[in-house]
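Summary of structural features
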Amino acid sequence: VVGYVCADGDNVPVTVENTSAGDIVWNDDSESIKAVPYIGGVAGYVTAGSFESNINSGALAINKPMDDLDWGGVIGASNVSVVNCENKGSLTINQQITKANIGGVLGKLEANSIVNSVNSGQLHFGEEFYIKGNCNIGGVVAYAEKGTKEVKECSNSGSITYLGSCYYVDRSTI
């Protein structure tokens, strides 16, 4: 529904309230977009306003290798409070990922809060899936940065199926 939400100036209210039921499938074989994508069923990245009462029921799938991925059923990454959001759609990856934060509702929370949010969608990582680098996977939120205010009243009832492999490459020795 929304790629990026931001505001110019101080105290500019931006409220996002949406429902997304469409499927999102990333099959692009080109090298045009490979690094730092923010992918969510409702929004990719939110940096201003409030993010409340958003629901995703569409399936999300990535079928191409990616670098540095923040991916959530509802929102990829946010530095605003996420409140009363729900993911009902499945998330499926069957490719190599270099560094990732993959969460049922939210991929990466940047020093704010997530409250009363629910994931019932399945997270499925296929046999061709593997992580090369840091890997954070969570039913509701995958990664909460230092300074996060709170993660409360959240729940996950969706299954997490992991058939691939995960390994870390220490680049300091290369």
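A short tour of the structure in this document, coming up. (Residues numbered from 1 in each chain as written. Predicted model: local features only at pLDDT ≥ 70, side-chain atom pairs only at ≥ 80, totals over all residues. Heavy atoms only, no water.)

Some details on unusual backbone geometry
Phi at S53 is positive, roughly 55°, even though this residue is not glycine. Relative to the elements of secondary structure, S53 occurs in the loop between β7 (50–52) and β8 (55–56). Owing to a relative accessible area of 36%, S53 belongs among the partly exposed residues under this scheme. One non-glycine residue, A111, adopts positive backbone phi at about 55°. You can see A111 is positioned in the loop between β16 (106–109) and β17 (113–115). (Helix = DSSP H or I, 4+ residues; strand = E, 2+ residues; numbered from the N terminus. Buried < 20%, exposed > 50% of the residue type's maximum accessible area, 1.4 Å probe, protein only.)

Some remarks on the pairing of β16
A regular strand carries its side chains on alternate faces of the sheet. Taken together, the three bridges between strand β11 (residues 75–78) and β16 define a ladder with parallel strand orientation. Along β16, the bridge assignment pairs I75 with L106. Looking at chain direction, β16 and strand β22 (residues 141–144) are connected through three bridges and run parallel. Among the inter-strand pairings, L109 is bridged to a residue of β22, identified as A144. (Pairing = 2+ DSSP bridges.)

Concerning the pattern of salt bridges
Inspection of the entire model under this criterion finds five salt bridges. The partner of K99 in a salt bridge is D68, and the shortest N-O contact between them spans 3.8 Å. One end of the pair, K99, is in strand β15 (residues 96–103); the other, D68, is in strand β10 (residues 66–72), with 31 residues separating them in the sequence. Given a relative accessible area of 37%, K99 falls into the partly exposed group. Residue classification places D68 among the partly exposed residues on the basis of a relative accessible area of 30%. Through salt bridges with shared partners, a single network forms among D70, K108, E110 and E145. (Salt bridge = Lys/Arg side-chain N within 4 Å of Asp/Glu carboxyl O.)

Structural notes on the environment of A142
Checked against the element boundaries, A142 lands in strand β22. Among all residues touching A142, those that are not within four sequence positions of it are N101, I102, G103, L106, G107, N136 and I137. (Contact = heavy atoms within 4.5 Å.)

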